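Coordinates in review
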Amino acid sequence: MLITISTPNLCTEYKQLIEATYEQSTSTYVVFVGDGVYAPALNIAFFERLANTVKGTAKDKPTLNLSFLSTDADTRGANLPEHFNPISHKELAAISAKNQHWIPLS
């Protein structure tokens, strides 16, 4: 499952969707693009709690991959937490090709 986030402000419904997707999918990719690269800083408590939940899971549990488009972060001067992975456009295309189900949040 791929969730792309292009908005800096995440409403309660978006946060619930991210949590539910993580719990129900074997592998979830959350990629921050455009102005969405500000979302981790504006919602830091949510993402820290989510990251801590993932760290405590067993190997057979779902995985959550938090990434951001590096060019968008660089252009906007956004600082993202260390547990978020910078990716290129090429890597985003590869992730997109691997995932049949997309959920864009904007």
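Structure first, text after, so check above.
The structure presented is a predicted model; accordingly, all values stated were derived computationally and were not measured.

**Quick notes on the overall build of the protein**
A tally of regular secondary structure across the protein gives five helices and five strands. Along the chain direction, N to C, the helices and strands of the protein fall in the order β-α-β-α-α-β-α-β-α-β. Computed over C-alpha atoms, the radius of gyration of the protein comes to 13 Å, within 12% of the 13 Å expected from 2.2 N^0.38 for 106 residues, which places it in the range of a compact globule. By its C-alpha atoms, the protein is 35 × 30 × 25 Å across when sized along the principal axes. Sorting the 106 residues of the protein into buried and exposed places 42% on the buried side. Sequence separation of at least 24 residues holds for 75% of the intrachain contacts in the protein that already meet a minimum separation of 6. Of the roughly 6100 Å² of accessible surface on the protein, a fraction of 51% belongs to carbon and sulfur atoms. Across the protein, the centroid of the 8 positively charged side chains sits 6 Å from that of the 10 negatively charged ones.

**What to know about the pattern of salt bridges**
Any two side chains of opposite charge can pair, so long as their charged atoms come close to each other. Going through the model one piece at a time under the given rule, you end up with three salt bridges. Here E19 ties to R49 by a salt bridge, and the two come within 2.8 Å at their closest N and O atoms. Here E19 is found in helix α1 (residues 12-24), whereas its partner R49 is found in helix α3 (residues 44-55), with 30 residues between them in sequence. Look at R49 and you get partly exposed, because its relative accessible area is 45%. The closest approach of N and O atoms between D35 and R76, which form a salt bridge, is 2.8 Å. Of this pair, D35 sits in the loop between β2 (27-32) and α2 (39-42) while R76 sits in helix α4 (residues 70-76), and the two are 41 residues apart along the sequence.

**So, the side chain of D72**
Within the fold, D72 resides in helix α4. Residue classification places D72 among the buried positions, given a relative accessible area of 15%. Residues contacting D72, with those up to four places away along its chain left out, are V33, G34 and V37.

**Some details on helix α5 (residues 89-98)**
All of the buried residues along α5 are L92, I95 and S96. For α5, the angular spread of buried residues about the axis comes to 100°, placing them on one side. Across from the buried face of α5, at angles greater than 90 degrees, the exposed residues are K90, A97 and K98.

**Observations concerning the side chain of T28**
Take T28: it is sitting in strand β2. Setting aside anything within four residues of it in sequence, one finds T28 in contact with M1, I3, T21, Y22, T63, L64 and N65.

Here is what the cut-offs are and how they apply
- Residues numbered from 1 in each chain as written.
- Predicted model: local features only at pLDDT ≥ 70, side-chain atom pairs only at ≥ 80, totals over all residues.
- Heavy atoms only, no water.
- Helix = DSSP H or I, 4+ residues; strand = E, 2+ residues; numbered from the N terminus.
- Rg over C-alpha atoms; globule rule 2.2 N^0.38 Å.
- Buried < 20%, exposed > 50% of the residue type's maximum accessible area, 1.4 Å probe, protein only.
- Contact = heavy atoms within 4.5 Å.
- Areas by Shrake-Rupley, 256 points an atom, 1.4 Å probe, with all protein chains shown as cover.
- Lys, Arg positive; Asp, Glu negative; His and termini not counted.
- Charge placed at Lys NZ, Arg CZ, Asp CG, Glu CD.
- Salt bridge = Lys/Arg side-chain N within 4 Å of Asp/Glu carboxyl O.
- Arc of directions from axis to C-beta.

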